Amino acid sequence: MEFFSQTYVALRGPQGQPQTASETIGRLSDRLSPATLLADRRAAVLALKGLARDHRQDVGDRALPGLLDVLSSDAEIDADIGKAVLETLIVLCEVDTVNKELGFKFTDAVLATERTTHILFALLGDSNFYTRFSAIQYLSLLLQNRRQVVQGYFLKAPTGGRNVIAILEDKREIIRNEALTMVQTLVAQSPDIQKVLTFEGAFERLFNIVQQEGGIEGGVASQGALTCVDGLLRFNNSNQSYFKETQLPPALCSLLLYPLALPIHESAPQEFALQFWDEQKAINASLAIGILGMLIGTKASGSQENWGFIRCLIEIGLASNAPTNLKTQSLRLLPSNMNFPLSQLVVTPYMPVPETNGEEWDRLEPASALDALVELALHGEYNGLDSAKRLKDGLELRAAAAVVFENFVSNDEIRNAILQAMLPTDNAPVPPITPLLHALASAPDTSDVNLAQISSTHFACLLFAHLLRSSPKAKSSARLIKPGPLQPQANVDAGQFFVPADGGPPKEAPSTEFVDDEPPQTLLQVLSENLSLALLARSRPDISDRESREWDRISVGYLSLLSQWLWEDPKSVKDFLDAGGLGTLVEPVNQVSESDVLVPSFCAFLLGSCYEFNREPGEITRNTIHQIINRLGIDNLVAQVARLREDDRFRAVGPDSVVQASPLTTKPVAPQKTADQEEAEIWFDWAFIDFWKSNYYTVQRSFPTDPNHVSAPAGQDSETTMLVASLREVIRKQAEEMESLQKQLNQRSSQPDEASALGLREEVAELNSKLSKAEEKEKDLEKEQEDLLVLLDEVTGKRKRDKARLKEAGLEVSEDEADDDDEEEEEE
């Protein structure tokens, strides 16, 4: 009754006459003065709280200073007035959709000085539930409105760090959860606050919360705690170093049920590989995996513990039933300079049993992690179970596997070992067809559009390009690959690595003998034929838009691989041209239309590459290609190459975004489907985009070049270029002379016996002698060229070292030599 009486007296005007809201707020604001009784101040605050919703601006303009005074003087003394004044301030500072500026205005007034913020951090240590809870809520609101200002005041608060840690230890769940939300905002983009809370013991408190809640199955509380751990570590090297020195990193693997000390020869336990997943658990696991990725990126790559973290991510990505987005995240977090032995690690993949809704799984035969990685990229998750659907999350996973493969084969020894396994040997004249080689060499089925096969071939082109890019030795080995007879696709898809454990491996298919005596084609010849088939299929007039787009995709796969293979490799260019590649490229360029840009632009780029690097003697010379270029039009070809860069499918590719939404779908997308469940497509990877942007100008510049002028390879000086050009000219003349002598010999051999047999034999012997001498001379010239190049490299290196020593000694270097150095640096 006393409360109602005080409130009535506060609201009643002189002699009981009614008042306006503005007058009432003015009277109540006056009663907030420290001169009034505590009970009167409490009644005035409660009355202002009731008026704040409907008369927010008036209450804020008139009563805000008094409310802040009450917060400062009375909140710690009286819990009721503390709760009331905090709730009133929350109402005033809320930023709603109706009047955003008003909330920011009162927030700025509150934060004009550090006094209020320091009081709020002090109130976090209050044991009263309502006072502590309301203080947390109000601090969260202020952080949301003006985070940087509050963070600056926190660093000066005497008890800020200690009290924030205290609320994380609160046994009351509602306070602890609200505290987790506040801490996430408090530590955002503030390394200093992150360090303060770290040395106050924040990591230990946060992991205690996760353990108490049941690990990654602990719901939103575990999510909040793991989010705080992530916020304390991300972009903070000091905290990361501190965290790694604690006993907490292994706990991350324990949360995922993975034993960190698992020997490399032992399989991961089934309780780790097969788990029940719901949406909240997947979110929590994603946070734990993200933290693991940070630790891997900062630890020494060869440390035993780091290998344990790397294997944990590999097992999740290749041999578990985790959601697809978690597998993708795990593979993306593997370090780019990873030296982990993928070929030695044995993993045990699993396959869901059909029609069991993911509740039953078949354990498949163990396979090396490298084989499992290639299989994942080529055919998709669970051995291509849903590869024909081409959903976005599935393509993201396959693209992530391709990136891991690219990083793994960046080591020359590894890429050469993989290529050597595809080459014939004395013991195996026809080596076994690896899944990668099979997917690459299989001819496209032109009778129907097979989405799974097209995707498999496209990814095979991406993977094989990673083996060859910028490696002359790898390209030299690839030229010797002869795929030989191919088994049916189904047998290879099942693979010797992916067979149900209870069913045993399938019987080996009998080897297929050659029908005729023709030798097997090289891989480069096979790719040239497959490209021709794909281009022929896409040119049919009766195909649908979807079929045309699919044939474009597989053509782009072949063309992107060939573009990187033939670059700076004259011998491969010669083999490609001898296999009929020139005619294959000319036809699309010659019949380009406004709606058909991508494939003709690619063909123009590859045609320019062949012209630029056609430096080996052969049937198709630079003059031959130059005549075709002139017929197609130099300006037209330059424009075609430039149009590739303007294509939306090309421009949409980034370092972390190679998968694009598909404009054509087989079925309408259901409203309940998420973006990851929609159909998508992939055209390029970032490695090719980077390659093309670095070299397309060289191709454009080569079109108008005279066929008798050969540009210098990168890194050669002008003297070396002139020498190489002169030697090439001598070799060309010798080749022409040899050809002329061979023709004369053939003519003499075919003429009737007009002269005596003895004279004819002498003439033939003379021609043979000249031919042998010409061949020996050509060999000597080639050896001389190699020796001169080696000598020039040695002389150039010696000149640089001598000039460096002269400069160090303070002696002058002649201007022409200095200019030469500058030119060399510019060329580099």
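Residues take numbers from 1 onward in each chain, read along the sequence in its written order. This being a predicted model, a pLDDT of at least 70 is required before a residue's local features are given, and a value of 80 or more before pairs of side-chain atoms are given or counted; all residues contribute to the totals for chains, interfaces and linings. Based on all heavy atoms of the structure, the side-chain values leave hydrogens and waters out of the count.

Asks: Report on the overall build of the chain, specifying residues and quantitative values.
Replies: Looking only at helices and strands, one finds 40 helices and six strands in the chain. Here's how the labels work: a residue is buried when its accessible area is under 20% of the maximum for its type, exposed when over 50%, partly exposed in between, all with a 1.4 Å probe on protein chains only. The buried share of the chain, taken over its 828 residues, is 48%. Considering only residue pairs separated by 6 or more positions, the chain has 74% of its internal contacts joining residues 24 or more positions apart. Helix numbering and strand numbering both begin at the N terminus, where a helix is a DSSP run of H or I of at least 4 residues and a strand a DSSP run of E of at least 2. Contacts are assigned to residue pairs that have any heavy atoms within 4.5 Å of one another.

Asks: Give me the packing of aromatic side chains: which residues, what numbers.
Replies: Centre distance within 6.5 Å is the pairing criterion for rings of Phe, Tyr and Trp, where only the six-membered ring of Trp is used; planes under 30 degrees apart are then read as stacked, over 60 as edge-to-face, and the remainder as tilted. Summed over all chains, the structure comprises 23 aromatic pairs. Consider the rings of F129 and Y130, whose centres lie 5.2 Å apart with planes at 85°: the pair is edge-to-face. The exposure class of F129 is partly exposed, given its relative accessible area of 24%. Joined through ring pairs, the aromatic side chains of W567, F602, F605, F613, F650, F684, F688, F691, W692 and Y696 make up one cluster. Only Lys NZ and Arg CZ are tested; either one counts as a charge over a ring when it is within 6 Å of the ring centre and within 35 degrees of the ring normal. Above the ring of W277, the side-chain terminus of K281 is found at 4.7 Å from the ring centroid. One cation-aromatic arrangement involves R553 over W683; the distance from NZ or CZ to the ring centre is 4.8 Å.

Asks: Explain the pattern of salt bridges to me, and be specific about the residues and the numbers.
Replies: Between side chains of opposite charge, a pair can form when the charged atoms approach closely. The term salt bridge refers to a pairing of a side-chain nitrogen on Lys or Arg with a carboxyl oxygen on Asp or Glu at a separation within 4 Å. As enumerated under the stated definition, the model contains 32 salt bridges in all. Between R42 and D78 there is a salt bridge, and its shortest N-O distance comes to 3.0 Å. In this pair, R42 sits in helix α3 (residues 38-52) while D78 sits in the loop between α4 (56-74) and α5 (79-93), placing the two residues 36 residues apart along the sequence. Residue R42 is classed as partly exposed on the basis of its relative accessible area of 22%.

Asks: Give me the lowdown on the nonpolar core, citing residues and values where you can.
Replies: In plain words, nonpolar cores are sets of buried Ala, Val, Leu, Ile, Met, Phe, Trp, Tyr and Cys residues tied together by side-chain atoms within 4.5 Å. Ranked by size, the top nonpolar core spans 218 residues in total, and within it Y138, L197, L342, F464 and F684 carry the most contacts. In terms of residues, this core owes the most to one element, helix α26 (residues 451-468), which gives eleven residues.

Asks: I'd like a rundown of helix α21 (residues 369-379), residues and numbers included.
Replies: The α-helix advances 3.6 residues per turn, and as a result positions three or four apart in sequence lie on the same side. Counting buried positions along α21 yields ten of eleven residues, so the element is predominantly enclosed. In the stretch just after α21, G380 is the one whose phi turns positive, near 95°.

Asks: Describe in detail the confidence of the model for the chain, supporting the description with residues and values.
Replies: Residues shown with low pLDDT carry predicted positions that ought not to be read at fine detail. Taken residue by residue, the chain gives an average pLDDT of 82. The fraction at 70 or more is 82%. Within the model, the stretch residues 666-671 combines pLDDT values under 50 with three contacts to residues more than four positions away or in other chains. Along the chain, pLDDT gives the predictor's confidence residue by residue, from 0 to 100. Low confidence marks residues 816-828, where pLDDT is under 50. Its contacts with residues over four positions away, or in another chain, come to eleven contacts.

Asks: Go over helix α9 (residues 147-154), please, and point to the residues and values.
Replies: Of all the positions in α9, only V150, Q151, Y153 and F154 are classed as buried. Projected down its long axis, α9 shows its buried positions confined to an angular sector of 160°, all on one face. It is the directions from the helix axis to the C-beta atoms that the arc portrays.

Asks: Now, about a negative patch on the surface: what can you tell me, with residues and values included?
Replies: Where like charges cluster on the molecular surface, the negative patch consists of E775, E776, D780 and E784. By secondary structure assignment, the location of E776 is in helix α39 (residues 757-808). Patch definition: residues above 30% relative accessible area lacking any salt bridge, with like charges linked at up to 9 Å and the nonpolar side chains Val, Leu, Ile, Met, Phe, Trp and Tyr linked at up to 5 Å. Only the protein chains shown count as cover for residues, and all accessible areas are computed by the Shrake-Rupley method using a 1.4 Å probe. His residues and chain termini do not enter the charge count, which takes Lys and Arg as positive and Asp and Glu as negative. Taken as the charge centre is NZ of Lys, CZ of Arg, CG of Asp or CD of Glu, depending on the residue.

Asks: Explain the environment of V659 to me, using residue names and the numbers behind them.
Replies: By the element assignment, V659 lies in strand β5 (residues 659-661). The exposure class assigned to V659 is buried, which follows from its relative accessible area of 11%. Taking the C-alpha atoms as reference points, V659 and R649, separated by ten residues in sequence, lie 9.8 Å from one another.

Asks: Could you give an account of the side chain of H458, with specific residues and numbers?
Replies: Looking at the secondary structure, you find H458 in helix α26. With residues up to four places along the chain from it excluded, the contact list for H458 reads R553, G557, I682 and W683.

Asks: Run through the packing of helix α33 (residues 598-612) against helix α37 (residues 686-702), naming residues and quoting values.
Replies: As a rule, the C-alpha atoms of each element are fitted with a line to give its axis, helices using only the stretch in contact, and angles between N-to-C directions run from 0 to 180 degrees. It is at 9 Å that the axes of α33 and α37 come closest, and there the two elements cross at 65°. For the pair α33 and α37, the crossing hand works out as left-handed. Touching F602, A604, F605, G608, S609, Y611 and E612 of α33 are F688, F691, W692, N695, Y696, T698, V699 and S702, all from α37. Note on residue categories: nonpolar means Ala, Val, Leu, Ile, Met, Phe, Trp, Tyr, Cys or Pro, charged means Asp, Glu, Lys or Arg, and polar means any other residue, Gly included. Looking at the contact of α33 with α37 residue by residue, the class counts come to nine nonpolar, five polar and one charged. Should the near helix be turned counterclockwise from the far one by less than a right angle, the crossing is left-handed, whereas a clockwise turn marks it as right-handed.

Asks: Talk me through the packing of α4 against helix α7 (residues 115-123); I want residue IDs and the actual numbers.
Replies: Two numbers describe how α4 lies on α7: the axes approach to 10 Å, and their chain directions differ by 40°. If you check the angle between α4 and α7, you find them oblique. When the axes of α4 and α7 are compared, the crossing they make is left-handed. Taken together, the residues of α7 that come into contact with α4 (itself represented by L68, D69, L71 and S72) are R115, T116, I119, L120 and L123. For the contact of α4 with α7, the per-class residue count stands at five nonpolar, two polar and two charged. Geometric relationships in this document are graded by angle, where less than 35 degrees denotes roughly parallel, more than 145 denotes roughly antiparallel, 65 to 115 denotes roughly perpendicular, and other angles denote oblique.

Asks: Now, about the side chain of E550: what can you tell me, with residues and values included?
Replies: Mapped onto the fold, E550 is located in helix α30 (residues 545-566). Note on E550: relative accessible area 3%, which makes it buried. Sequence-distant contacts of E550, that is, excluding residues within four places in its chain, are made with R390, V449, L451 and I454.

Asks: Could you give an account of the environment of E365, with specific residues and numbers?
Replies: By the secondary structure assignment, E365 is in the loop between β3 (361-363) and β4 (367-368). You can call E365 partly exposed: its relative accessible area is 22%. For the pair E365 and T348, spaced 17 residues apart in sequence, the C-alpha separation works out to 6.4 Å.

Asks: So what's going on with the environment of L566? Residues and values would help.
Replies: Inspection of the secondary structure puts L566 in helix α30. L566 gets classed as buried once you look at its relative accessible area, which sits at 0%. Note: C-alpha distance between L566 and C610 (44 residues apart in sequence) is 7.2 Å.

Asks: Got a sec to walk through unusual backbone geometry? Specific residues and values, please.
Replies: At Q189, a residue that is not glycine, the phi angle is positive and equals roughly 55°. A positive phi is found at L257, a non-glycine position, where the angle reads about 70°. Since its relative accessible area comes to 41%, L257 is described here as partly exposed.

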